[in-house]
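Per-entry structural report
Below, each chain spelled out in residue letters.
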Amino acid sequence: IRSDSDMYTLGYSFEPWTEAKAIADGPSILAYVNRVADKYRIRERIRFNHKLVSADFDSVAARWTVRLETPEGERTLTCRWLHMGTGYYDYGQAYLPEFKGSESFGGPFFHAQFWPEKLDYAGKKVVVIGSGATAVTIVPEMAKGGAAHVTMLQRSPTYMVSRPAVDKVANALRRLLGDKLSYGVVRTRNVLMQQAFFQLARRRPEFMKKLIRKGLVKELPADYEIETHFNPAYNPWDQRICLVPDADLFAAIRTGKVEVVTDHVDRFVPEGVRLKSGRVLEADIIVAATGLKLQLLADARISVDGQARRLNGAMTYKGMMFGGVPNLSYSFGYTNASWTLKADLTSFYLCRLLNRLSESGQTIAVPELDPTVKPVDFLDFSSGYVQRAKAILPVQGDRAPWKLHQNYALDLAALKYGKLDDGVMRFSGTVERQPPSPSLVGAVA
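Everything in this summary refers to the structure shown in the same document. Values in this document were obtained by computation on a predicted structure and should not be read as measured data.

**Things to note about helix 2 (residues 26-39)**
Here helix 2 spans 20 Å end to end across 14 residues, near enough to the 20 Å set by a 1.5 Å rise per residue. Those residues of helix 2 not exposed but buried are G26, I29, Y32, V36 and A37. For helix 2, the buried positions fall inside an angular range of 130° around the axis, keeping them on one side. For helix 2, the exposed residues lying more than 90 degrees away from the buried face are P27 and K39. Each element contacted by the buried residues of helix 2 is listed here: helix 1 (7-10) and helix 5 (179-203). Put simply, D25 is the residue that caps the front of helix 2, since its side-chain oxygen is 2.9 Å from the backbone nitrogen of S28. The positive-phi residue at the C-terminal boundary of helix 2 is R41, with phi of around 55°.

Structure, rendered in structure tokens:
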């Protein structure tokens, strides 16, 4: 497990990342999250092992009633405001195509999302099906970890760029300026670089293709079939670009321990995978890195005054609330940059909103829908996991504040400094109504 973006933008804005590696491994990230949780005494404010089942908003009491499943049975909590920090992945299921003959394969076969804890792959031949961020992480690590040979089997190529795992400039600045100041400088630099890279890809895709190819030519053997294995049919950033830290995947290809095969699966056979071309990839272990399944707000049932609200297809306000739904917000990050950047800005805006309610003595905030705003796809991405999830996702509008910018600078202006009273957000209610119990705000993560 590792990050697929730099920790200076994936890390929290208020707590510097101080490790040498900017593209960090799972244990380092976990240690950072735990350190922050302990420093700010977050852990004592978390109710662990609570699964959200449903939430109903009472407009008269201005209060959410939240039903939860716990090891001790069902539990009910109430709150004035409900914020969802549940991400958009289904952690109980993954996307796994139906492969013919999978029952005939004699070795371990599993989806990467449910990795066996004690998997022994030393000296084994491994086939990893997929070409996204998960496959690009798994393949070189298994090669380094003792696998005899690893094949990355892909239906179609993905854009890949290499980047050093250690940011030497950031580390030098930290020694010079200290942790906090250098962190802000590097974070700003990396945000600007990410945005510049994305905008260049969108505006000059052919130039970006040449730039990416140049990097591949530098890292891969001279006679390597780049056109076959690393030349996608779509433009850069129509789907996410995979980050290869320290060019580890390309280094593994050069050693011969890793092979990339571009073909379609015909069926599984006892000895491995038979391809549409007729070739059989021998395998002792098969790993499906075939994608993730999306889920909206933990698939909880949301209702207002007892009336169910279907949030799939609902229009989002500033990428963090839903038109016509009171006192409900959610964190949803960027597809073209670190998720945390948008989560941070959403948190800033939410705090401003709660303070506004507190200072005015009001209890309800709800974005009013504008019938003249045209709905647009929530995510402008051709990736399979997004296309498969269209039916469960909300929509965005064709103009602000209903439009998703996918741009940190624009969101910074709108969420951290923009007006709360923007003519769309409607405030109502009075604080004299029955107070909630036991807490003011409920956050579900």
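**Description of the environment of V280**
Examined against the element boundaries, V280 turns out to sit in strand 14 (residues 280-282). V280 sits 64 residues away from D344 along the chain, and the two C-alpha atoms are 48 Å apart. Once you skip the residues sitting within four places of it in the chain, V280 turns out to touch V269, E271, V273 and R274.

**What to know about the packing of helix 5 against helix 6 (residues 205-219)**
The geometry of helix 5 relative to helix 6 is characterised by a closest axis approach of 5 Å and an angle of 120° between their N-to-C directions. Taken together, the axis directions place helix 5 and helix 6 in an arrangement best described as oblique. Of the residues in helix 6, those touching helix 5 at F197, L200, A201, R202 and R203 are P205, F207 and M208. Among the residues making up the contact of helix 5 with helix 6, the classes are represented as six nonpolar, no polar and two charged.

**Here's the deal with the nonpolar core**
Membership of the largest hydrophobic core comes to 75 residues, with the highest contact counts inside it found for V128, F230, F250 and L328. Considering each element in turn, this core owes the most residues, six residues, to helix 3 (residues 133-144). If we ignore the near neighbours within four places in the chain, the residues touching F250 are M160, S162, L216, E219, L220, F230 and V244. Formed by 24 residues, the second largest nonpolar core is a distinct cluster that contains M315, Y317, W402 and F427.

**Some thoughts on the sheet that holds strand 12 (residues 265-269)**
Sheet architecture is open: three strands sit in the order 12-13-14, paired in antiparallel fashion. Of all strands in the sheet, those with a lone pairing partner are strand 12 and strand 14, marking the two edges. For this sheet, the mean angle separating the axes of adjacent strands, direction not counted, is 25°.

Rules behind the numbers
- Residues numbered from 1 in each chain as written.
- Predicted model: local features only at pLDDT ≥ 70, side-chain atom pairs only at ≥ 80, totals over all residues.
- Heavy atoms only, no water.
- Helix = DSSP H or I, 4+ residues; strand = E, 2+ residues; numbered from the N terminus.
- Expected span 1.5 Å × (residues − 1).
- Buried < 20%, exposed > 50% of the residue type's maximum accessible area, 1.4 Å probe, protein only.
- Arc of directions from axis to C-beta.
- Contact = heavy atoms within 4.5 Å.
- Polar contact = N/O pair within 3.5 Å; in protein donor to acceptor, adjacent residues only side chain to side chain.
- Axes fitted to C-alpha atoms, helices over the stretch in contact; angles between N-to-C directions.
- Parallel < 35°, antiparallel > 145°, perpendicular 65-115°, else oblique.
- Nonpolar A, V, L, I, M, F, W, Y, C, P; charged D, E, K, R; others polar.
- Core = buried A, V, L, I, M, F, W, Y, C linked by side-chain atoms within 4.5 Å.
- Pairing = 2+ DSSP bridges.

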